[in-house]
Amino acid sequence: MKRIFGFLLLVIIFSCSQKLHNSSLKSLKQTHGLILEKSIIDNPIKEKSGLTVMAVDITTKDTLYPNVFYSSAIEQGERDGSLIDHLCTINKLHEGYYKLQVTFWGYDTLNIDSLFFEKGKKIYLKIGLHSRF
């Protein structure tokens, strides 16, 4: 009898924790974007770091024109995505840790709290954003 009671208690606890876990995943999915791809390549300006961001609608995969806000201990700025190639490119960043914010009108904002940029390297990010509509 004690074994059956213990087993039932474990099943109840496990199912409750799964429900809590799944609900927190749903709320994250609705309010945040995703990093779909990340790669590091050589930067054309060897003494600086670089960043290229491509953003897509997470559901339809339509390409967006992202706006990227960046800040570190020594610099900050923003860059808009190109209407030609849909990319937001910054080639002259100092080496160090940065906070990034990727936005597009009508979509949730993706915040990256700490991303390290190495001198002479460029980070390519493909971001998926969730529509607010």
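Look up: the structure comes first, before these words.
Structural notes, computed from the coordinates. (Residues numbered from 1 in each chain as written. Predicted model: local features only at pLDDT ≥ 70, side-chain atom pairs only at ≥ 80, totals over all residues. Heavy atoms only, no water.)

### Overview of the packing of aromatic side chains
Applied cut-off: When two rings of Phe, Tyr or Trp (its six-membered ring) have centres within 6.5 Å they constitute a pair, described as stacked for plane angles under 30 degrees, edge-to-face for angles over 60, and tilted for the intermediate range. Counting from the N terminus, the helices are DSSP H or I runs at least four residues long and the strands are E runs at least two residues long. Only protein chains enter the accessibility calculation, which uses a 1.4 Å probe; a residue whose area is less than 20% of its type maximum is buried, one above 50% is exposed, and one in between is partly exposed.
Inspection of the entire model under this criterion finds six aromatic pairs. With a centroid separation of 5.1 Å and an interplanar angle of 85°, the aromatic rings of Tyr98 and Phe117 are classed as edge-to-face. Here Tyr98 is found in strand β7 (residues 96-103), whereas its partner Phe117 is found in strand β8 (residues 110-117), with 19 residues between them in sequence. Note on Phe104 and Tyr107: the rings are 5.7 Å apart at their centroids and 50° apart in plane angle, and the pair reads as tilted. Assessed through its relative accessible area of 22%, Phe104 is described here as partly exposed. Joined through ring pairs, the aromatic side chains of Tyr65, Phe104 and Tyr107 make up one cluster.

### Concerning the pattern of salt bridges
Heads up, the condition is: Here, a salt bridge means any Lys or Arg side-chain nitrogen found within 4 Å of an Asp or Glu carboxyl oxygen.
Applying the stated criterion across every chain, the model contains two salt bridges. Between Asp42 and Lys121 there is a salt bridge whose closest N-O contact spans 2.8 Å. One end of the pair, Asp42, is in strand β1 (residues 34-42); the other, Lys121, is in strand β9 (residues 121-129), with 79 residues separating them in the sequence. Classification of Asp42 by relative accessible area gives partly exposed; the value is 48%. Look at Lys121 and you get partly exposed, because its relative accessible area is 28%. In this structure, Arg132 and Asp108 form a salt bridge, with 3.7 Å as the shortest nitrogen-oxygen distance. Of the two residues, Arg132 is situated in the segment after β9 and Asp108 in the loop between β7 and β8; the sequence distance between them amounts to 24 residues.

### Some remarks on the sheet that holds strand β5 (residues 76-80)
As a reminder of what qualifies: Whether two strands pair comes down to DSSP finding at least two bridges between them. The axes are straight lines fitted to the C-alpha atoms, using for helices just the contacting stretch, and the angles between their N-to-C directions are given from 0 to 180°.
With antiparallel pairing, the four strands of this open sheet are ordered in space as β5-β4-β7-β8. The outermost strands of the open sheet, each flanked by one partner alone, are β5 and β8. Recorded for the sheet is a direction-independent mean angle of 20° between the axes of neighbouring strands. Note: β7 against β8, six bridges, orientation antiparallel.

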